[in-house]
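# Architecture at a glance
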Amino acid sequence: MPEPVSLELAKLQLRLDGTAENALIEQSITAAREWVEKYTGHLLVRREVVEVVGALRNTVNLSAWPDVVVTKVEYLAGGAMVSLDAADFRVAPMQRPAQLALVAPSGWFGAGARAAGAASSPVITVTMQAGYANGAVPAQLVRAMLVLIAAMYDGRGSLSDAAIASATGLCRPYRRWRV
């Protein structure tokens, strides 16, 4: 997936022509996206994420967000990873954080029998696709990236307190606050 800020948009923000500093600008685009992702907890570029959640007794909060689609859940049993069927788990992808829950077993060979094994496993891995679709990143987060890119370019990699404060202000409504 392409970055939320294109090279052309970044160069427009920086009022630059030519190609002499394209590599530096592209590195700044990636660094700005990573800063915004770390601050907000939003994945700005859709990608595969593998998360190890440990033991799963009831539900577990997934750290990847938004638009979470779980593609595989595996648990450790007898030294090997065992995959759950889609009927063995539920995902609540639209709430933040997205949550994964095992389906209660309905008999030894019925739906959820593997989920019972997963419930006793110390290690569960969740493979998912998460992040904004191309072109769907909120404008404020794109703007925060542009502020950071300009600051990195002007400071040759360093960020001023003013740039951090500006980017933080733009990103704050999207940050997940923990209490």
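Reading guide: rules and limits
- Residues numbered from 1 in each chain as written.
- Predicted model: local features only at pLDDT ≥ 70, side-chain atom pairs only at ≥ 80, totals over all residues.
- Heavy atoms only, no water.
- Helix = DSSP H or I, 4+ residues; strand = E, 2+ residues; numbered from the N terminus.
- Rg over C-alpha atoms; globule rule 2.2 N^0.38 Å.
- Buried < 20%, exposed > 50% of the residue type's maximum accessible area, 1.4 Å probe, protein only.
- Contact = heavy atoms within 4.5 Å.
- Areas by Shrake-Rupley, 256 points an atom, 1.4 Å probe, with all protein chains shown as cover.
- Expected span 1.5 Å × (residues − 1).

As recorded in an unreviewed UniProt entry, the protein goes by Head-tail connector protein and comes from Sphingomonas arantia.

## Considering the overall build of the protein
Of regular secondary structure, the protein possesses five helices and seven strands. Put simply, the protein runs from its N terminus to its C terminus through helices and strands in the order α-α-β-β-β-β-β-β-α-β-α-α. Relative to the globule expectation of 16 Å for 179 residues, the C-alpha radius of gyration of the protein, 20 Å, shows a markedly less compact shape. Within the span of the protein, comprising 179 residues, buried residues form 41% of the whole. Contacts in the protein between residues far apart in sequence, at least 24 positions, make up 68% of those at least 6 positions apart. Total accessible area computed for the protein in this model is approximately 9,700 Å², and 55% of it derives from carbon and sulfur atoms.

## Quick word on helix α4 (residues 139–154)
An α-helix turns once per 3.6 residues; consequently, residues spaced three or four apart project the same way. With 16 residues, α4 extends 22 Å from end C-alpha to end C-alpha; this agrees with the ideal 22 Å at 1.5 Å per step. α4 sits mainly inside the fold: twelve of its 16 residues count as buried. Inspection of α4 places Leu-141, Val-142, Ala-144, Met-145, Leu-146, Val-147, Leu-148, Ile-149, Ala-150, Ala-151, Met-152 and Tyr-153 among the buried residues, and these make up the whole buried set. Each element contacted by the buried residues of α4 is listed here: α1 (7–14), α2 (22–40) and α5 (161–171). One or two steps after α4, the chain reaches Arg-156, where phi turns positive at roughly 50°.

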